[in-house]
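Per-entry structural report
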Amino acid sequence: MIQPPDLTLVRRIGWGLAGVLWFFWIAYEDRGLEALTFVALVIAFAAGLTMLKRWVGGEKLARRKWLLRTGVVGLVSGAAVGPLTALLMLVKLGLHAHPQLDFGPEQFIQAFSRTLYWAALGALIGLAFGLFVRESRV
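For every chain, the first residue of the written sequence is number 1, and numbering continues from 1 along that sequence. Only residues with pLDDT of 70 or above have their local features reported here, since the model is predicted, and side-chain atom pairs are shown and tallied only from 80 upward, although totals for entire chains, interfaces and linings are computed over all residues. Values shown for side chains rest on all heavy atoms present in the structure; no hydrogens or waters enter the calculation.

Only DSSP runs of H or I with at least four residues qualify as helices, and only runs of E with at least two residues qualify as strands; both kinds are numbered from the N terminus onward. Looking only at helices and strands, the protein has 6 helices and 0 strands in total. From first element to last, N terminus to C terminus, the protein shows the α and β order α-α-α-α-α-α. By its C-alpha atoms, the protein is 60 × 30 × 20 Å across when sized along the principal axes. For each residue, the accessible area found with a 1.4 Å probe, counting protein chains only, is set against the maximum for its type, and the residue is called buried under 20%, exposed over 50%, and partly exposed in between. Counting across all 138 residues of the protein, residues that qualify as buried make up 41%. Residue contacts follow a heavy-atom distance rule, with two residues in contact if any of their heavy atoms lie within 4.5 Å. Here the analysis covers contacts within the protein between residues at least 6 apart in sequence; of these, 79% occur between residues at least 24 apart.

A cavity, in this analysis, means grid points on a 1 Å lattice covering only the protein atoms where a 1.4 Å probe fits yet has no way out; a pocket is instead an open set bounded by protein on both sides within 12 Å along at least five of seven lines, and a residue lines either one if it has an atom within 4 Å of a point. Grid points are joined across faces, edges and corners, and a volume is the space filled by probe spheres set on the points. A complete count under the given rule lists 1 cavity of 30 Å³ or more for this structure. Its volume calculated, the largest cavity comes out at about 40 Å³. For the largest cavity, the full set of lining residues is Leu33, Thr37, Val81, Gly82, Thr85, Ala111, Arg114 and Trp118. No other element matches helix α4 (residues 81–95), which puts 3 residues into the lining of the largest cavity. Residues are sorted three ways: Asp, Glu, Lys and Arg are charged, Ala, Val, Leu, Ile, Met, Phe, Trp, Tyr, Cys and Pro are nonpolar, and all the rest, Gly among them, are polar. Within the lining of the largest cavity, the residues separate by chemical class into 4 nonpolar, 3 polar and 1 charged.

A word on the layout of surface pockets. Size it by volume and the largest pocket reaches roughly 380 Å³. Forming the walls of the largest pocket are 20 residues, and the residues nearest its centre are Phe45, Gly74, Ser77, Gly122 and Ile125. Among the elements of the structure, α2 (34–56), α3 (63–79) and α6 (115–136) are those that each provide at least two residues to the lining of the largest pocket. Its residues assigned to classes, the lining of the largest pocket comprises 13 nonpolar, 7 polar and no charged.

Once that is clear, we can look at the nonpolar core. Ranked by internal contacts, the top residues of the largest apolar core, which has 18 residues, are Trp25, Leu36, Ile43, Leu88, Met89 and Phe103. The set of elements that each furnish at least two residues to this core consists of α1 (8–27), α2, α4 and α5 (105–113). In terms of residue count, the dominant contributor to this core is α2 (6 residues). Leaving out residues up to four positions away in the same chain, Ile43 has contacts with Trp15, Ala18, Trp22, Leu84 and Leu88. The set of buried Ala, Val, Leu, Ile, Met, Phe, Trp, Tyr and Cys residues whose side-chain atoms join them within 4.5 Å is what this entry labels a nonpolar core. Core analysis: the next-biggest nonpolar cluster, separate from the first, contains 10 residues, Ile2, Leu49, Val56 and Leu61 among them.

Here the focus is the environment of Lys60. Here Lys60 shows up in the loop between α2 and α3. Separated by 44 residues in the primary sequence, Lys60 and Gly16 have C-alpha atoms spaced 28 Å apart.

As far as function goes, none of this settles anything; it's purely spatial.
Here is the structure:
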C-alpha cells in the first residue's frame, strides 16, 4: 500500500505561481503563444495537484490504483492546457480592446490542436510521479 505524499506546500506554491504569472501576463503585450501556454501549463499543474489531493485524499492505495490515479490526473491536467490557453486568449481579448486583435482564429486552432500532445505528456509525467512515489515509499 502506498501512502500518498502531502503536497500541501507544493500545491500552494503552484497556485501562488499561477496567480503571479496570470497577473503579469495580463499586462504583457505579446501576441505569441509561448508565454500564454506557460501560464496555462502552470494553472493546469496546480489544478492537477489539487485534483490528486481531492481524489486520493489521505487513504492508502494499492500500487496499481495509485499509478492509475496519477496517470489519469496527469492525462486530464495535460488535456486542459489547450482549452486553458484558448480561454486565456478569450479573457485577454475581452479585457484589451485593440483595433487589431491580439489573437487570431489560427492561434485558437493551434492551441486546441496541441491538446493531444499535452495530454500524452501529462499522462507520462503523472505516471513518472506515481512511479517515483511508489519506489521511494516501498
